[in-house]
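For reference, the chains in residue letters:
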Amino acid sequence: MKKKLLAVAGVSACALGLGLGVPAMASASAAAVSYEATLNPIAANKVTGNGTAWVTLNGNSAEIKLQVNGLLEGAPHAQHIHVDALGQCPGDAQAKDHNGQRSINVADGVPLYGAIGTSLTTEGDTSPAAALNVAAFPSNGSYTYTRTIDLDPNVVANLQKGTAVLVVHGIDYNGNGTYDGVLGASELDPSLPAEATDPALCGAFKPMQMAGVPAGSADTGGGATASGMSSTEVAAGTAAVVAIAGAGLVAYRRRRPAQD
Ligand SMILES: [Cu+2]
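Residues numbered from 1 in each chain as written. Predicted model: local features only at pLDDT ≥ 70, side-chain atom pairs only at ≥ 80, totals over all residues. Heavy atoms only, no water.

Brief notes about the confidence of the model for the protein
Here is step 1 of the chain: On average, residues of the protein score 79 in pLDDT, and 69% of them are at 70 or above.
Here is step 2 of the chain: Below a pLDDT of 50 lies the segment residues 1-28, which in the model reaches 27 contacts outside its immediate sequence neighbourhood of four places, other chains included.
Here is step 3 of the chain: Considering only residues more than four positions removed or in separate chains, one finds that residues 210-260, a stretch of pLDDT under 50, has 35 contacts. (pLDDT = per-residue confidence, 0-100. Contact = heavy atoms within 4.5 Å.)

With respect to the coordination of the copper ion
Here is step 1 of the chain: The protein atoms that coordinate the copper ion are His-80 (ND1), His-82 (NE2) and His-169 (NE2), at distances spanning 1.9 to 2.0 Å.
Here is step 2 of the chain: Written as a sequence motif, the donor arrangement for the copper ion is H-x1-H-x86-H. You can see His-80 sitting in strand E4 (residues 79-83) and its partner His-169 sitting in strand E9 (residues 165-169), a full 89 residues away along the chain.
Here is step 3 of the chain: Residue classification places His-80 among the buried positions, given a relative accessible area of 2%. (Donors = N, O, S within 2.8 Å, 3.2 Å for Na, K, Ca; no water. Helix = DSSP H or I, 4+ residues; strand = E, 2+ residues; numbered from the N terminus. Buried < 20%, exposed > 50% of the residue type's maximum accessible area, 1.4 Å probe, protein only.)

Some words on the pattern of salt bridges
Here is step 1 of the chain: Under the definition given, this model contains two salt bridges.
Here is step 2 of the chain: Notably, a salt bridge pairs Lys-65 with Glu-63, separated by 3.6 Å at the nearest N-O pair. A single burial state applies to Lys-65 and to Glu-63, both of which are buried.
Here is step 3 of the chain: Between Asp-108 and Lys-96 there is a salt bridge, and its shortest N-O distance comes to 3.2 Å. Within this pair, whereas Asp-108 is found in helix H3 (residues 106-113), its partner Lys-96 is found in strand E5 (residues 96-98), the two being separated by 12 residues in sequence.
Here is step 4 of the chain: You can call Lys-96 partly exposed: its relative accessible area is 45%. (Salt bridge = Lys/Arg side-chain N within 4 Å of Asp/Glu carboxyl O.)

Structure below.
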């Protein structure tokens, strides 16, 4: 029994040691909570990309990571945390006629995902006021985004109650390799084509679960339970492993392009 406990403690310490790239608070603080959103393509907008978003919260401080794949290359992709609605993403039922083409613009999705709570810019202002600051958003079709920012308390509350939704914008509806007027002008800023602001990927944030941990660490969890550790100890170890697994995944994906 004691041996097993020590073994579990060793694994936890090892996992913590590996987390050098993670801010100390993220792995050491029991108050840290992580959320994950699977980003699905808005099919009605002819999007075929995908992605994942992670938020690790320490109070109002949020370490945010996004992995995005398969969007229009060389065009800015506005990305926001939307709040204060149903915590859902639009589907074909929300598609409407825009310039003669059935598609989903930002306003069509607002009843489901809500208004902009945070603008995930690469630098500077992260408030809703920076929502269309196109120079401050990633402009690759596939990218990894990482930034630690302070979130508005209302955005934190939305994460906690399941109504925070990550939306990445910018589509190529007619597949011609650029944002153009095929869907008319953007309803948000008439100086931009609708393709530049229409939603491309969408996913609701959910608390990260044990099921998200890669299979390799499954025996750690089993050992901890069998050895009679308190649920608090098990939870603390699990949280650390989850945080590190997430960080490792991003690091792995980051390294891949260099190897290819
Ligand atoms: Cu948005």
